[in-house]
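# A closer look at the structure
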Amino acid sequence: MRPQSRPITLVGVAGRAWRGLVWFVRGVTGESRYDSYLAHERAVHPDREPMTPAEYWRCVYSEQDANPGSRCC
């Protein structure tokens, strides 16, 4: 017997598309970088208190200002 599969619905497809769009936009804007930082801190430095989002972004921006690299502005 074949396992039962869920029928494809418009709501399911729209929900998946929306989640994909949110994932993409968060990646482009850099918002997902804080989540990656938190995952790293919890895995590698569990004894250390992670920075708050404001502290994290302040650190990222000061690092960018100190070492501009190649960027448009």
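Summary of the structure given here. Residue positions are given per chain, counting from 1 as you read along its sequence in written order. Reporting of local features is limited, given that this is a predicted model, to residues whose pLDDT is at least 70; pairs of side-chain atoms are given and counted only at 80 or more, and all residues count toward the totals for whole chains, interfaces and linings. Note: side-chain values were computed over all heavy atoms of the structure, leaving out hydrogens and water.

Secondary structure is summarised from DSSP: a helix means a run of H or I of at least four residues, a strand means a run of E of at least two, and numbering begins at the N terminus for each. Multiplying 1.5 Å by the residue count of a helix minus one yields the expected span of that helix. The terminal C-alpha atoms of helix H2 (residues 32-44) lie 18 Å apart, and with 13 residues this matches the ideal 18 Å at 1.5 Å per residue to within 8%. Every buried residue of H2 is listed here: Tyr34, Tyr37, Leu38 and Glu41. Projected onto a plane normal to the axis of H2, the buried residues spread over an arc of 100° and lie on a single side. Note on contacts: a residue pair is in contact if any heavy atoms of the two residues lie within 4.5 Å. Buried residues along H2 sit against helix H3 (53-66). In this scheme, a residue with accessible area under 20% of its type's maximum is buried, one over 50% is exposed, and one in between is partly exposed, where area comes from a 1.4 Å probe on protein chains only. Directions are taken from the helix axis to each C-beta atom, and the arc is the one they span.

Paired rings are identified among Phe, Tyr and Trp, the last through its six-membered ring, by centres lying within 6.5 Å, and are further divided according to the angle between planes into stacked (under 30 degrees), edge-to-face (over 60) and tilted (the rest). Summed over all chains, the structure comprises 5 aromatic pairs. With a centroid separation of 5.8 Å and an interplanar angle of 35°, the aromatic rings of Tyr34 and Tyr37 are classed as tilted. Note that Tyr34 and Tyr37 are positioned in helix H2 at a spacing of 3 residues, about one turn of the helix. Comparing Tyr34 with Tyr37, the two get one shared label, buried. Each member of the aromatic cluster is reached from another via a ring pair, and the members are Tyr34, Tyr37, Tyr56, Trp57 and Tyr61.

By convention in these notes, a salt bridge is any Lys or Arg side-chain nitrogen within 4 Å of a carboxyl oxygen on Asp or Glu. Applying the stated rule across the entire model yields 3 salt bridges. In this structure, Glu41 engages Arg48 in a salt bridge whose closest nitrogen and oxygen atoms are separated by 3.1 Å. Overlapping salt bridges bring together Arg26, Glu31 and Asp35 as one network.

Once that is clear, we can look at a nonpolar patch on the surface. Residues qualify for a patch when their relative accessible area is over 30% and they have no salt bridge, like charges being joined within 9 Å and the nonpolar side chains of Val, Leu, Ile, Met, Phe, Trp and Tyr within 5 Å. Here the Shrake-Rupley method, with its probe set to 1.4 Å, supplies the accessible areas, and only the displayed protein chains count as covering residues. Residues Trp18, Leu21, Val22, Trp23, Phe24, Val25 and Val28 make up a contiguous nonpolar surface patch of about 780 Å² in total accessible area. Along the chain, the position of Val25 falls in helix H1 (residues 10-29).

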